[in-house]
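# Geometric and topological summary
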Amino acid sequence: MREFDAIVIGGGLVGAAIAYGLVRAGLKPALIDEGDVAFRASRGNFGLVWVQSKGLGAPHYQRWTRASADAWPALAAELLARTGIAVGHERPGGLHLCLGDEELAARAAMMQRLQAESGNFGFEYEMLDRAAVAELLPGIGPAVSGASFTRYDGHVNSLALLHALHKGFVAGGGTYLPNRTVGYAGVAPHEFVIGSGEDRIAAPKIVLAAGLGNAELAPLFGLSAPVRPQRGQILVTERAGRVLAMPTTTVRQTLEGGIMIGDSQEDVGFDTGQRPAVMAAMAQRAARSFPWLAELQVVRAWAALRVMPPDGVPIYDQSEAFPGAFTANCHSGVTLAGAHALLFAPMVAAGALDPALAPFSARRFDVHDAA
Ligand SMILES: Cc1cc2nc3c(=O)[nH]c(=O)nc-3n(C[C@H](O)[C@H](O)[C@H](O)COP(=O)(O)OP(=O)(O)OC[C@H]3O[C@@H](n4cnc5c(N)ncnc54)[C@H](O)[C@@H]3O)c2cc1C
C-alpha cells in the first residue's frame, strides 16, 4: 500500500487546484480521478472569473469570490513560471448586459443589495446607460438598455488552466492516479485508506473534490455534500478579429477570436444532451445584444453539468467524526481556482479550515431542514 501526505479525490478544476496548492505547501499528495467518463464541468465551462453576481444574501461568498479573483493574477503568473502554460487570464472588468428597462431596474436593485450586504468590505460597481455601454463595447443592439459593470471580473482559458494545474502538480512532486474510481474507503480520524480495484493508498488527510461524485462519497467520511447536476449549454462561433474588449455574463471572446455564447441553466438530472430550442434562445439573446453576431457561423456547441449546491453557495467542511477529511464543492470552480490553490489548500495542509469558512459548512442545510 502506498502512503501519501494527502489524497485528493477528483481531478477536475476543484481537485486539481487544491492538489496543486498542496504541493505548493510542501506536501506529497496523490490525486485520484476516475478519468474521462465524468460530466465534464471542468472541460465544458464558460471560462469566466466572475464576481459581480456572486453572494447575494451570502456576503461570505462574495468576500471569498473577491479573494479568489484577487488571487488570480498571482496564480496565472505562477503557473506560467512553473509549467510554461499561459492560461490567458485577463481582468479588464466585466459587464452584465440588460435588455429592456425592466431588466436594468432589477439588475440595479440587485447590485445595490450586494453593495449594502458587503458592509465594511465594500463592493464597487457602476450602472451604465446605453451610451456608456456602447463606448466600452461597440456594436451593441438597440435592445440593450444598459449594464452593470465591476472592475473585479475577468476571464481565462479554463482548459489551459486545468492542464497547467495538473502539470504543476506533477512537477511539484504530486502523484496523479487516473482511471481509478474510488470504490473502497477505510475511514478513521487522520487515517484514510482509499481503494480502486485492488489498489490501496493511504494518507492522514483526504480532500473530497469529486464534483457530483461527492454526494455519494461524503457520507462515508461523516460529511455531507448534497450537490445536484444543473445543465449548461454553450455555443462557439468561428474566429473573428478582436471585437470585445471585456467579457459579459453570457457573451465573451476568447484570445483566439471565437465568440462563446452561454450559458443555460437547466434542471434535467444527469442528461448531458443538447437541446436545439435552448441553443436557439441563447443565440437569439446574444444576437439582440450584438446584432453583428448573427453574421458569424456557430462552429461548436456542447452541454455539461454544473455541480450545484442547494443554495448555489460552495460547500467546505472538515469532518467532525473523522478529522483530516475535507469536502470542497462549488459551481464556480474556474473563478474559485485562485482561492482553492492559494488559500484553501494551505488550510488543509495546516489541518484546519479558517473560521471565516464556517458559513460554508453543509451544516447550514440541517438548520434549514429543521426550520
Ligand atoms: C456550462 C457550464 C459553464 C460554466 N461556466 C463557468 C464559468 O464561467 N466560471 C466558473 O467559475 N465556473 C463555471 N462553471 C463551473 C465550473 O466548471 C465547475 O465549478 C468546475 O468545473 C467544477 O469542478 P469539479 O472539479 O468540482 O467537478 P468536475 O469537473 O465534475 O470534476 C470532478 C472529478 O471527480 C472525478 N470523480 C467523481 N467521482 C469519483 C470517484 N468516485 N472516484 C474518482 N474520481 C471521481 C470525476 O472523474 C471528475 O474528473 C461552468 C460549468 C458549466 C457546466
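What you see is a predicted model; the values in this text were computed from it and never measured.

### As for the packing of aromatic side chains
- Applying the stated criterion to the full structure yields eight aromatic pairs.
- Between Trp-64 and Phe-360 the ring centres are 6.3 Å apart and the planes differ by 55 degrees, which places this aromatic pair in the tilted class. Of this pair, Trp-64 sits in helix α2 (residues 59-83) while Phe-360 sits in the loop between α8 (337-350) and α9 (363-370), and the two are 296 residues apart along the sequence.
- Judged by relative accessible area, Phe-360 falls into the buried class, the value being 1%.
- Taken together through their ring pairs, the aromatic side chains of Trp-64, Tyr-316, Phe-344 and Phe-360 make up a single cluster.
- The residue whose ring lies beneath Arg-66 is Tyr-152, and the NZ or CZ to ring-centre distance is 4.1 Å.

### Some thoughts on the site of the ligand
- Around the ligand, the surrounding shell holds 36 residues, and the nearest of these are Asp-33, Ser-42, Leu-48, Gly-333 and Thr-335.
- Gly-333 places a main-chain nitrogen or oxygen 2.7 Å from an oxygen atom of the ligand.
- Contact with the protein chains covers 95% of the free accessible surface of the ligand, which is 1,000 Å².
- Those elements that provide at least two residues to the shell around the ligand are α1 (13-24), β14 (228-239) and β17 (298-308).
- The leading source of residues in the shell around the ligand is β17, at four residues.

### Observations concerning the side chain of Thr-327
- With respect to the secondary-structure elements, Thr-327 resides in strand β19 (residues 325-329).
- Beyond its immediate stretch of four places on either side in the chain, Thr-327 contacts Leu-208, Asn-214, Ala-218, Leu-223, Ile-315, Tyr-316, Asp-317 and Phe-344.

### Points about helix α7 (residues 276-289)
- The end-to-end C-alpha separation of α7 is 20 Å, in line with the 20 Å expected for 14 residues at 1.5 Å each.
- Turning to α7, its buried residues are Met-279, Met-282, Ala-286 and Ser-289. Down the axis, α7 shows its buried residues gathered within 85 degrees of arc, on one side only. Residues of α7 that are exposed and angled more than 90 degrees away from the buried face: Pro-276, Ala-277 and Gln-284.
- Looking at the buried residues of α7, the elements they touch are β5 (94-99), β7 (144-150), β14, β15 (251-253), β16 (258-261) and β17.

### Concerning the packing of α2 against α8
- Put simply, α2 and α8 touch, their axes get as near as 6 Å, and they point 100 degrees apart. Judged by the inter-axis angle, α2 sits roughly perpendicular to α8. Taking contact as the criterion, the partners of Trp-64, Ala-67, Ser-68, Ala-71, Trp-72, Ala-74 and Leu-75 in α2 are, on α8, Ala-337, Gly-338, Ala-339, His-340, Ala-341, Leu-342, Leu-343, Phe-344 and Met-347.
- The residue makeup of the contact of α2 with α8, split by class, is 13 nonpolar, three polar and no charged.

### Some remarks on the domain arrangement of the protein chain
- For the protein chain, the assigned domains read domain 1 (2-82 + 158-227 + 311-370), domain 2 (94-150) and domain 3 (229-308).
- Distance between the C-alpha centres of domain 1 and domain 3: 27 Å.
- Across the contact, 17 residues belong to domain 1 and 20 residues belong to domain 3.
- Summed over the shared surface of domain 1 and domain 3, the result is zero salt bridges.
- For the interface between domain 1 and domain 3, the tally reads two residue pairs in polar contact (both at pLDDT 80 or more).
- Of the residues in the side of domain 1 that touches domain 3, the class split is nine nonpolar, seven polar and one charged.

### With respect to the pairing of strand β12 (residues 199-203)
- As judged from the two bridges shared by strand β1 (residues 2-3) and β12, these two strands associate in the parallel manner. In the strand pairing of β12, Arg-2 is matched with Ile-201.
- Across five bridges, strand β11 (residues 191-196) lies against β12 in antiparallel orientation. Across the sheet, residue Val-193 finds its bridge partner in β12, namely Ala-202.

### Considerations on the pattern of salt bridges
- The tally for this structure, following the rule as stated, stands at 15 salt bridges.
- Between Arg-91 and Asp-70 there is a salt bridge whose closest N-O contact spans 3.0 Å. Taken together, the residues Arg-91 in the loop between α2 and β5 and Asp-70 in helix α2 connect sequence positions 21 residues apart.
- Using a relative accessible area of 46% as the deciding quantity, one classes Asp-70 as partly exposed.
- Note that Arg-228 and Asp-267 form a salt bridge whose closest N and O atoms lie 2.6 Å from each other.

Rules of the game
- Throughout, residues of each chain are indexed from 1 in the direction in which the sequence is written.
- Predicted model: local features are reported for residues with pLDDT of at least 70 only, side-chain atom pairs are reported and counted for 80 or more only, and whole-chain, interface and lining totals are derived from all residues.
- Excluded from the side-chain calculation are hydrogens and water; included are all heavy atoms of the structure.
- Aromatic rings from Phe, Tyr and Trp, with only the six-membered ring used for Trp, were paired whenever their centres fell within 6.5 Å, and each pair was classed as stacked if the ring planes differed by under 30 degrees, edge-to-face if by over 60, and tilted otherwise.
- Numbering of helices and strands runs from the N terminus; a helix is a DSSP stretch of H or I covering at least four residues, while a strand is a stretch of E covering at least two.
- Relative accessibility under 20% of the residue-type maximum defines a buried residue, over 50% an exposed one, and the middle range a partly exposed one, all with a 1.4 Å probe and only protein chains included.
- As a reminder, the over-ring test applies to NZ of lysine and CZ of arginine, requiring each to be within 6 Å of the ring centre and within 35 degrees of the ring normal.
- Nearness is defined per residue: one heavy atom within 4 Å of the molecule or strand is enough.
- Whenever two N or O atoms come within 3.5 Å, that pair is a polar contact, provided that in protein one can donate a hydrogen and the other can accept it, and provided that, for residues adjacent in sequence, both atoms are side-chain atoms.
- The Shrake-Rupley method, run with a 1.4 Å probe sphere, supplies the accessible areas, and residue values consider only the shown protein chains as cover.
- Residues are treated as being in contact if the distance between any of their heavy atoms lies within 4.5 Å.
- Any helix carries an expected span of 1.5 Å times its number of residues minus one.
- Relevant arc is that of directions from the helix axis to the C-beta atoms, nothing else.
- Angles shown run from 0 to 180 degrees and are taken between the N-to-C directions of axes, each axis being a line fitted to C-alpha atoms and, for helices, limited to the stretch in contact.
- Comment on the angle field: the value is read as roughly parallel under 35 degrees, roughly antiparallel over 145, roughly perpendicular from 65 to 115, and oblique elsewhere.
- Residues are grouped as follows: Ala, Val, Leu, Ile, Met, Phe, Trp, Tyr, Cys and Pro are nonpolar; Asp, Glu, Lys and Arg are charged; every other residue, Gly included, is polar.
- What counts as a domain boundary in this text is fixed by an automatic or database domain assignment.
- By salt bridge we mean one thing: a side-chain nitrogen of Lys or Arg within 4 Å of a carboxyl oxygen of Asp or Glu.
- Two strands form a pair only when DSSP identifies at least two bridges running between them.

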